[in-house]
Amino acid sequence: MFGVQPENSTGRGGKAVCALLLATSMFALLRPTALHAQETELRGEVSESAILSDQQRKARQLALAAQGQQPANAAQDNAPARTYLPASAGAVPDDADTGDATATGSLFDPPAATDDTSADTAAPPKPRRRSSTARQNAADQAKDKAADKSKKKKKSTADTSDITASTTAATTNAADGEETDEDTANRRALTIDSADKQKLDPGAERTDAIEGQKKKPEDDPFAATGVKWGSFVIRPTIEQGLTATSNGDSSSAGTSALLSETALRFSAASDWRENSATIDGYGLFRETVSGYPVHDEQGRIEGQLNVDLDNELRAIAKLGYEAVPESASSPDAIAGVSKQPLRQTIDGSLAVEKHLGKMQYTLTGAVSHDFYGDAKLSDGTSLSQKDQDSTLYTATLRTGYEISPALTPFTEIEVGRRTYDQRIDNEGFERSSTRLGARAGLALDMGEKLSGEFSAGWLREAIDDKNLDAISGATVNADLKWSPERGTTIGLTGRTTVEPTTTSGESGDILYSGRLTGERQIRANLTANAALGLDWRDYIGIDGHDRVLSAEAGLTWWLNRYAGLTTRVRTEKLTSNLPGRDYTANSIFLGVKVQR
């Protein structure tokens, strides 16, 4: 049977050792000694993102201190981890050093000094609770994201600042200030074209509307505007009025009369880009209201086409038609008729111009055909004038040398042939002739101041019939315009014309016509004009001549752009050494003029 074993010495010794170890452990736990980890704050691992964020924060604080600025939200944005506060009072020392200027809140700040002089060692910092692994990882990730966001924001701000710095220095300073103050804020990025956008000048005036701007005054506010018709601009004019004259038909037998006078005129010009064309025409109708019987209709239309060819070659084509009754003062006028025969003319020409350096060459071919109607006698019968129908063919070569753009002297040689439809007229004469002429002149081109040309030479028409003398004589031609001042135009025209005849025993005559005109724009709506004329007719084969002097003055007052009042006074006197040709005619006209 078993009994109770007695206690030995070995068991008692083990119990004593255990009691000693327990007492030592209790003594160590109760001793108030600061932990080494709390003194150095090296508790656990520290992530690289936390170190980078701490360095960036210190750099920003140093930049602010250098600029004399203190970030208001530095403590709030970069606050350390929340300190663990135990529930038991007195477990940790009071936080008496929160206002220490030397503490930056960095992980590497030294322990704060204590004011307790009786303590053997420096007062330990506030104890911090060691974070758990999950909490520490979340904090690290948050810091990493904040650091990456800060890097991206700094890069975007730096690029934008480079663009903005090229615009103005003030914008760069403002952007740098915003980067410092609001580095961690979620600022809106600048647009790509922000550098091109400039602020408006607050003092700039608003631009007026087009309708409100001042229009440039027109040179001639009462000029015809014209009517657009296809590619042409047509400017029609109609003039209607009454003429009181002392000689109804400007003849030696004419008497006073009151005439109704209507004049239609028009001009058309093309608006082509390269070539050009013009058409001009007029129609004049005179009818007796009272007094000497006059029934007169005449008109003309003429077109011109200018075509620029290659190699400085230019072509000019003209075509015209004219219908005019034989004048009562003409050498071929038939006495004792109630109506003079109607003379109709169809003419055309084609010219080719060539420029070779300063040399200018022009070759012109022209054709003119005249045909006459029957004359109505006072007894009601008619008299044929077919023996006067003729055609003139001419060719002219002109050579010029341009001394300067304003002066070009030239010479002309003309050859031609005049043929009659009736080779032998009613009196038995062959009226066909050969034409030859030469001229020399000067062309002027000084712009609006002076332009035109004049020439002088000799012309001869040899008639096929040997019993008739050749028609020959000096020729003078001129067409000049001179503007001494703005609004004033002086014109000088001169022309030499060979007038054949079918009068028995006579070859014909040479008519020299000269006209000096002047036009003055007194006001924008008031225009004055005047003219002086001199005609000299030299008969060939007989000792005879005619001299015609004329003078005219007129005024046109425009009520508006489209209508005006016009008046003119005219006097004309013919003096001849041949019997029955002298006459004097004075007239005054008053009417209305309408244009478009």
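Residues numbered from 1 in each chain as written. Predicted model: local features only at pLDDT ≥ 70, side-chain atom pairs only at ≥ 80, totals over all residues. Heavy atoms only, no water.

### Quick notes on the overall build of the protein
Along its length, the protein carries six helices and 22 strands. Taking all 596 residues of the protein together, the buried fraction comes to 27%. For the protein, restricting intrachain contacts to residue pairs at least 6 apart in sequence, the fraction spanning at least 24 positions comes to 56%. Of the roughly 39000 Å² of accessible surface on the protein, 57% is carried by carbon and sulfur atoms. (Helix = DSSP H or I, 4+ residues; strand = E, 2+ residues; numbered from the N terminus. Buried < 20%, exposed > 50% of the residue type's maximum accessible area, 1.4 Å probe, protein only. Contact = heavy atoms within 4.5 Å. Areas by Shrake-Rupley, 256 points an atom, 1.4 Å probe, with all protein chains shown as cover.)

### Some words on the environment of Asn577
By the secondary structure assignment, Asn577 is in the loop between strand E21 (563-576) and strand E22 (583-595). The exposure class of Asn577 is partly exposed, given its relative accessible area of 37%. Filtering out sequence-adjacent residues up to four positions away, Asn577 remains in contact with Asp543, Gly544 and His545. Within the local environment of Asn577, its side chain forms a polar contact with the backbone oxygen of Asp543, the two atoms lying 3.3 Å apart. For Asn577, the side chain forms a polar contact with the main-chain nitrogen of His545, separated by 2.9 Å. (Polar contact = N/O pair within 3.5 Å; in protein donor to acceptor, adjacent residues only side chain to side chain.)

### Looking at the side chain of Arg300
Of note, Arg300 is situated in strand E5 (residues 295-309). If sequence neighbours within four positions are ignored, Arg300 has contacts with Asp280, Gly281, Tyr282, Gly320, Tyr321, Glu322 and Asp347.

### Remarks on the nonpolar core
Listed in full, the five residues of the largest apolar core are Leu459, Ile471, Val498, Ile510 and Ile540. Among residues more than four places away in sequence, those in contact with Leu459 are Glu414, Arg435, Leu436, Gly437, Ile471, Ser472, Gly473, Thr475 and Val498. (Core = buried A, V, L, I, M, F, W, Y, C linked by side-chain atoms within 4.5 Å.)

### Looking at the sheet that holds strand E11 (residues 382-383)
Sheet architecture is open: three strands sit in the order E7-E10-E11, paired in antiparallel fashion. In this open sheet, the two edge strands, each paired with only one partner strand, are strand E7 (337-339) and E11. The pairing of strand E10 (residues 375-377) with E11 spans two bridges and is classified as antiparallel. Counted as the bridge partner of Ala375 is Leu383 from E11. (Pairing = 2+ DSSP bridges.)

### Here's the deal with the packing of aromatic side chains
Within this structure, the stated rule accounts for one aromatic pair. Judged by centre distance (5.7 Å) and plane angle (75°), the ring pair of Phe232 and Trp272 falls under edge-to-face. Highlighted residues: Phe232 in strand E2 (residues 232-245) and Trp272 in the loop between strand E3 (257-270) and strand E4 (276-291), separated in sequence by 40 residues. Here the basic side chain of Arg398 rests over the ring of Phe410, its NZ or CZ set 3.6 Å away from the ring centre. (Phe/Tyr/Trp six-rings, centres within 6.5 Å; stacked < 30°, edge-to-face > 60°. Lys NZ or Arg CZ within 6 Å of the ring centre and 35° of its normal.)

### Examining a nonpolar patch on the surface
Taken together, the side chains of Ile238, Leu264, Phe285, Trp557, Leu559, Leu565, Val592 and Val594 make up a nonpolar region of the molecular surface, amounting to roughly 680 Å² of accessible area. Within the element layout of this structure, Phe285 appears in strand E4. Taking relative accessible area as the criterion, Phe285 reaches 40% and is therefore assigned partly exposed. (Patch = residues over 30% accessible without salt bridge, like charges linked within 9 Å, V, L, I, M, F, W, Y side chains within 5 Å. Salt bridge = Lys/Arg side-chain N within 4 Å of Asp/Glu carboxyl O.)

### Topic: the pattern of salt bridges
Inspection of every chain in the model, using the stated rule, returns 28 salt bridges. Taking the shortest distance from any N to any O, the salt bridge between Arg300 and Glu322 comes out at 3.8 Å. Of this pair, Arg300 sits in strand E5 while Glu322 sits in strand E6 (residues 313-325), and the two are 22 residues apart along the sequence. Comparing Arg300 with Glu322, the two get one shared label, buried. Among the salt bridges present, the one from Glu414 reaches Arg439, with a minimum N-O distance of 3.0 Å. Separated by 25 residues along the polypeptide, Glu414 in strand E13 (residues 407-420) and Arg439 in strand E14 (residues 433-445) bring together distant segments of the chain. The buried category is assigned to Arg439, whose relative accessible area is 13%.

### Considerations on the side chain of Arg561
Here Arg561 is to be found in the loop between strand E20 (545-558) and E21. At 2.9 Å, the side chain of Arg561 forms a polar contact with the backbone oxygen of Pro221.

### Examining the pairing of E13
Judged by which residues are buried, E13 turns out to be one-sided: Thr408, Phe410, Glu412, Glu414, Gly416, Arg418 and Tyr420 face inward and are buried, whereas Leu407, Pro409, Thr411, Ile413, Val415, Arg417 and Thr419, on the alternate face, are not. Taken together, the 11 bridges between strand E12 (residues 390-401) and E13 define a ladder with antiparallel strand orientation. Paired with Thr399 across the two strands is Thr411, which belongs to E13. Linking two consecutive strands that pair antiparallel, namely E12 and E13, is a turn of five residues. Relative to E14, E13 is paired through 12 bridges, and the arrangement is antiparallel. When the sheet's bridge partners are listed, Glu412 is paired in E14 with Arg439.

### Considering the pairing of strand E8 (residues 342-356)
The side chains of a regular strand alternate between both faces of the sheet. Pairing of E6 with E8 involves 13 bridges; the strand directions are antiparallel. Paired with Ala317 across the strands is Leu350, a residue of E8. As judged from the 14 bridges shared by E8 and strand E9 (residues 359-372), these two strands associate in the antiparallel manner. Across the sheet, the residue bridging to Leu356 is Met359, located in E9. Between the end of E8 and the start of E9, which pair antiparallel, lie two residues, with Gly357 showing a positive phi angle near 65°.

### Some details on the confidence of the model for the protein
Residues of the protein with pLDDT of at least 70 account for 68%, and the chain-wide mean is 79. Across residues 1-7, where pLDDT falls below 50, the model places one contact with residues more than four positions away in sequence or in other chains. In this model residues 32-43 is a low-confidence stretch, pLDDT under 50, and it forms 14 contacts with partners more than four residues away in sequence or in other chains. (pLDDT = per-residue confidence, 0-100.)

### Comments concerning the environment of Gly494
Assignment of secondary structure puts Gly494 in strand E17 (residues 488-500). Sequence separation between Gly494 and Asn477 is 17 residues; the distance between their C-alpha atoms is 4.8 Å. Ignoring sequence-local partners within four residues, the contact set of Gly494 consists of Val476, Asn477, Ala478, Ser513 and Gly514.

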